[in-house]
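Tertiary structure, described
In case you want the letters, here they are:
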Amino acid sequence: QVQLVESGGGSVQAGSSLRLSCVASGRTFTMNAMAWFRQGPGKEREFVAAISWKSGETNYADSLKGRFTIARDNAKNTVWLQMNSLKPEDTAVYYCAASLISLLPTSRREFCRYWGQGTQVTVSS
């Protein structure tokens, strides 16, 4: 099992930045990739970004490229999501996820084995 704990959410004004953190524990050696998803009010959970645990290769949702950056620290079992130029439509619960497979399929919810509890991000105009 792998446990994931997110932090760093909050309420900010449009144009601000936030950095979310996700710390993994347990059988972390089984992880191959980690990802961030988000679920806005009345919306389905959608892919944000993913990173290969071994190579650091990244994958982003096309609409978020350039504003969001995913990074990891293997020694700390931590993955971050840096969010810049936040917009009200970025308001959502952000979830950290871990998969046992390769990077690209990790953009699909059904391929993520482990999930965190989520952290709320609210962006006001």
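All of the points below concern the structure found in this document.

So, how was this worked out
Residues numbered from 1 in each chain as written. Predicted model: local features only at pLDDT ≥ 70, side-chain atom pairs only at ≥ 80, totals over all residues. Heavy atoms only, no water. Phe/Tyr/Trp six-rings, centres within 6.5 Å; stacked < 30°, edge-to-face > 60°. Helix = DSSP H or I, 4+ residues; strand = E, 2+ residues; numbered from the N terminus. Buried < 20%, exposed > 50% of the residue type's maximum accessible area, 1.4 Å probe, protein only. Disulfide = S-S within 2.5 Å.

Section: the packing of aromatic side chains
Under the criterion given, the structure shown has 3 aromatic pairs. With a centroid separation of 5.7 Å and an interplanar angle of 70°, the aromatic rings of Phe37 and Phe47 are classed as edge-to-face. With Phe37 in strand 4 (residues 33-39) and Phe47 in strand 5 (residues 46-52), the pair connects residues that are 10 residues apart, well separated along the chain. Judged by relative accessible area, Phe37 falls into the buried class, the value being 1%. Owing to a relative accessible area of 13%, Phe47 belongs among the buried residues under this scheme. Arranged with centres 6.5 Å apart and planes meeting at 80°, the rings of Tyr95 and Trp115 form a pair that is edge-to-face. Of this pair, Tyr95 sits in strand 9 (residues 92-99) while Trp115 sits in strand 10 (residues 114-115), and the two are 20 residues apart along the sequence. Exposure remark for Tyr95: the relative accessible area of 13% places this residue in the buried category.

Thoughts on the state of the cysteines
Here, the word disulfide means a covalent bond between the sulfur atoms of two cysteines. Counted under the stated rule, the structure contains 1 disulfide. The disulfide partner of Cys22 is Cys96, and the gap between their sulfur atoms is 2.1 Å. In this structure, the disulfide formed by Cys22 and Cys96 twists by about -80° around the S-S bond and is classed as left-handed. Of the two residues, Cys22 sits in strand 3 (residues 18-26) while Cys96 sits in strand 9, which places them 74 residues apart along the sequence.

That is the geometry; function is a separate question.
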